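Listed below are the residues making up each chain.
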Amino acid sequence: MTLQDEICKRRTFAIISHPDAGKTTLTEKLLLYSGAIDRAGSVKGREGAGMAQSDWMSIEQERGISVTSAAMQFEYHEHIINLLDTPGHQDFSEDTYRALTAADSVVMLLDCAKGVEEQTKKLFRVAKDRGLPIFTFVNKLDRPGREPIELIDEVEELFGLSAVPMTWPIGSGPDFKGVYVRATGQIQVFERSKAGRKARLAGQGSLDDPEIRELLTQEEMQKLKDDLDLMEHVLPSFDLGEFLAGRQSPMFFGSALNNFGIAEFLDEFLEMAPAPGPRPLVGDGEIQPDQSFTAFVFKVQANMNKAHRDRVAFARIVSGHFERGMDALHVRGGKSIKLNYPHMFFGRERQIVDEAFPGDILGLINPGVFRIGDVLSAQGAIEFHAVPRFSPEQFASVRLADPGARKGFLKGLQQIAEEGVVQVFWPKGGAPLPILGAVGRLQFEVLQHRLKDEYACAVLLEPRNFSMARWIEGGWPEPSRFWGELVEDAEGNPAILFENDWQRRTTAEKNPELGFAEHPPK
């Protein structure tokens, strides 16, 4: 098989949603229908169900939420699918934004009762800014919800995106019977099954099929005919070019928990979603997927295997044929390195691979070499656009429950901070322990849990009144000319922590020769 053949068969996408829209459940059911797993776990911990493949951290399993993105590769209908399950909670937005840099398309998941929620709006804007084509999956049709046409109008009004239904629900709540598939004109009537099993078809056929007439009531048949008339005469037809240009979103309806509408979505996703394409470089030019090997690191994770205490760098392959043991330039370090132990991941499970292609997500054992945003290249020094880094908005001082555990604490903090869970600031005047910064408070809880669970180090966190960090360009300000606390970040870059915007503005006015950047230097 040629390199071009390998590129064309790959689909790399991320799922985004507001918390509790059913994102991880949808992820599990896509894995179920692809044959990657034979039973799906439920994040709600239903009796007899297993844990979700993508929620592998103990804190995720205990709380039933995703706190970190997970990469999984599986095959379906002669395609290779790389799926990125992302956190929904806004406190973990930074991890989601980084995962979106590795995706070629996005599935936006909506709760049929709640529609477009606040976090969905934020994530949509990020996907839109990156030019990613966006699918819409309306979930939880097994519960009472809003009318489909109302959800279509909401997507169009909020996002300026023409939502084009590719399936249409038959009933809702306890009366949800199945879906009409627009591309084939077929009606799929489902039997309810156990949550972790594939749905069984009670019947399949056209509107005129006697079997369908037996399975649906006269009222259900008439409503479906009216809905289809509306869909055909009022709503637009799907246009692949408009979708890839970001002006249309194919919309699907179903229930991930009850397995309704999943296979119908997955089949059409393969036909519509783009294969890996070119990626722009800083300055001019772009890298085509059929050029020599290039990749970038979008995620770093420690202790995926606690028995080995290893760290893994997740790298999205942009171009070329990757082969195990090949040499590549580590652009930031300026040195060639040999990539001997590449892995593919399925949640926390892993296996060594001998080759990989554009769109694939490689896991590289990381002995402290790789950072988020690093570029690997077999075609000389290149620079892709930066992986997003956020300025922290929440701050806390840290105390050790056991002062004798400082060495273990510093090791654990360094490794977890490399993942982007928190940012570390050391007071300029000297201090035995740092000030920590995060985008959201839940990140501090994750840090506490992981330090105790993975490093046997209990810590106490005390909130600080700072509200922002700025990185200083041009030297330190004079003692009488700043308001805030001078610190250095983990890389030794000078920074200052402010309690409010007045302190920031006043310090900037008193120091016109200095710059105060919202993000750290590369």
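Residues numbered from 1 in each chain as written. Predicted model: local features only at pLDDT ≥ 70, side-chain atom pairs only at ≥ 80, totals over all residues. Heavy atoms only, no water.

Things to note about the overall build of the protein
Link 1 in the chain: Broken down by element type, the protein carries 13 helices and 31 strands.
Link 2 in the chain: Scaling as 2.2 N^0.38, a compact globule of 522 residues should have a C-alpha radius of gyration of about 24 Å, and the protein matches this with 25 Å.
Link 3 in the chain: The C-alpha extent of the protein, read off along each of the three principal axes, is 85 × 50 × 45 Å.
Link 4 in the chain: Taken across its 522 residues, the protein has 56% of its residues classed as buried.
Link 5 in the chain: In the protein, the share of contacts with a sequence separation of at least 24, taken over all contacts with a separation of at least 6, comes to 68%.
Link 6 in the chain: Accessible surface, the protein: about 21900 Å² in total, of which carbon and sulfur atoms supply 47%.
Link 7 in the chain: Within the protein, one finds 59 positive and 76 negative side-chain charges whose respective centroids are separated by 7 Å. (Helix = DSSP H or I, 4+ residues; strand = E, 2+ residues; numbered from the N terminus. Rg over C-alpha atoms; globule rule 2.2 N^0.38 Å. Buried < 20%, exposed > 50% of the residue type's maximum accessible area, 1.4 Å probe, protein only. Contact = heavy atoms within 4.5 Å. Areas by Shrake-Rupley, 256 points an atom, 1.4 Å probe, with all protein chains shown as cover. Lys, Arg positive; Asp, Glu negative; His and termini not counted. Charge placed at Lys NZ, Arg CZ, Asp CG, Glu CD.)

Some remarks on helix 8 (residues 218–233)
Link 1 in the chain: With 16 residues, helix 8 should reach 22 Å at 1.5 Å per residue; the first-to-last C-alpha distance of 23 Å fits that figure.
Link 2 in the chain: For helix 8, the set of buried residues is Glu-220, Met-221, Leu-224, Asp-227, Leu-228 and Met-231. End-on, the buried residues of helix 8 take up no more than an arc of 130°, which puts them together on one face. Those residues of helix 8 that are exposed and angled more than 90 degrees off the buried face are Gln-218, Glu-219 and His-233.
Link 3 in the chain: For helix 8, the elements touching its buried residues are strand 6 (162–165), strand 7 (167–170), strand 8 (178–181), strand 9 (186–191) and helix 7 (210–215). (Expected span 1.5 Å × (residues − 1). Arc of directions from axis to C-beta.)

Some points on the packing of aromatic side chains
Link 1 in the chain: Following the criterion strictly, the structure yields 19 aromatic pairs and no others.
Link 2 in the chain: Ring geometry for Phe-137 against Phe-265: centres 5.7 Å apart, planes inclined by 75°, an arrangement best described as edge-to-face. In this pair, Phe-137 is assigned in strand 5 (residues 134–139) and Phe-265 in helix 10 (residues 262–272), connecting sequence segments 128 residues apart. Taken individually, Phe-137 and Phe-265 each receive the classification buried, so the pair is uniform in this respect.
Link 3 in the chain: Taking 5.1 Å as the distance between ring centres and 80° as the angle between the ring planes, the aromatic pair formed by Phe-252 and Phe-265 counts as edge-to-face. Taken together, the residues span a long stretch of sequence, with Phe-252 in strand 11 (residues 248–253) and Phe-265 in helix 10 at a distance of 13 residues. Considered together, Phe-252 and Phe-265 belong to a single accessibility category, that of buried residues. (Phe/Tyr/Trp six-rings, centres within 6.5 Å; stacked < 30°, edge-to-face > 60°.)

Let's talk about a nonpolar patch on the surface
Link 1 in the chain: On the surface, Tyr-341, Ile-352 and Ile-365 cluster together into a nonpolar patch covering about 280 Å² of accessible area.
Link 2 in the chain: Structurally, Ile-352 is set in strand 20 (residues 349–352).
Link 3 in the chain: Residue Ile-352 is classed as partly exposed on the basis of its relative accessible area of 41%. (Patch = residues over 30% accessible without salt bridge, like charges linked within 9 Å, V, L, I, M, F, W, Y side chains within 5 Å. Salt bridge = Lys/Arg side-chain N within 4 Å of Asp/Glu carboxyl O.)

Some details on the sheet that holds strand 28 (residues 468–473)
Link 1 in the chain: The 8 strands are arranged 27-24-26-25-29-30-28-31 in an open sheet whose pairing can be described as antiparallel. Every other strand in the sheet has two partners, leaving strand 27 (459–463) and strand 31 (515–517) as the edge strands with one partner each. Pairwise comparison of adjacent strand axes, ignoring direction, gives a mean angle of 40° for this sheet.
Link 2 in the chain: Judged from the 4 bridges that link them, strand 24 (residues 394–400) and strand 26 (residues 435–438) form a sheet pairing that is antiparallel. For Ala-396, the partnering residue across the bridge sits in strand 26 and is Leu-436.
Link 3 in the chain: Set on the sheet, helix 11 (residues 406–418) makes contact with strand 24, strand 25 (423–427), strand 26 and strand 27; between it and strand 25 the angle comes to about 130°. (Pairing = 2+ DSSP bridges. Axes fitted to C-alpha atoms, helices over the stretch in contact; angles between N-to-C directions.)

A few points about the packing of helix 11 against helix 12 (residues 441–455)
Link 1 in the chain: Two elements in contact, helix 11 and helix 12, have axes whose closest approach is 10 Å; the angle formed by their N-to-C orientations is 125°. One way to sum up the angle between helix 11 and helix 12 is to call them oblique. Helix 11 and helix 12 meet at a crossing whose hand is right-handed. Along the contact surface, helix 11 presents Phe-409, Gly-412, Leu-413, Gln-415 and Ile-416, while helix 12 presents Leu-447, Arg-450, Leu-451 and Tyr-455. (Parallel < 35°, antiparallel > 145°, perpendicular 65-115°, else oblique. Left-handed = near helix turned anticlockwise from the far one by under 90°.)

Focus: helix 11
Two residues of an α-helix separated by three or four positions point the same way, owing to the 3.6 residues in each turn.
Link 1 in the chain: Look at helix 11: 18 Å from first C-alpha to last across 13 residues, which is about the 18 Å you get at 1.5 Å a residue.
Link 2 in the chain: Those residues of helix 11 that fall on the buried side of the exposure criterion are Phe-409, Gly-412, Leu-413, Gln-415, Ile-416 and Ala-417.
Link 3 in the chain: Gly-420 lies just past helix 11 and shows a positive phi near 90°.

Here we look at the side chain of Asp-142
Link 1 in the chain: With respect to the secondary-structure elements, Asp-142 resides in the loop between strand 5 and helix 6 (148–159).
Link 2 in the chain: One buried charged residue, Asp-142, remains without a salt bridge, the closest side chain of opposite sign being Arg-143 at 4.4 Å.
Link 3 in the chain: Looking at Asp-142, its side chain comes within polar contact range of the side chain of Ser-255, at 2.8 Å.
Link 4 in the chain: The residues contacting Asp-142, other than those within four sequence positions of it, are Gly-173, Pro-174, Phe-176, Arg-192, Ser-255 and Asn-258. (Polar contact = N/O pair within 3.5 Å; in protein donor to acceptor, adjacent residues only side chain to side chain.)

A word on the side chain of Ser-319
Link 1 in the chain: On the secondary structure map, Ser-319 appears in strand 15 (residues 311–319).
Link 2 in the chain: Overall, Ser-319 belongs to the buried group, its relative accessible area being 0%.
Link 3 in the chain: A distance of 2.6 Å separates a polar atom in the side chain of Ser-319 from the backbone oxygen of Ser-292.
Link 4 in the chain: Among the polar contacts made by the side chain of Ser-319, one reaches the side chain of Thr-294 at a distance of 2.6 Å.
Link 5 in the chain: Excluding its chain neighbours within four sequence positions, the residues that come into contact with Ser-319 are Ile-287, Gln-288, Pro-289, Gln-291, Ser-292, Phe-293, Thr-294, Pro-358 and Gln-379.

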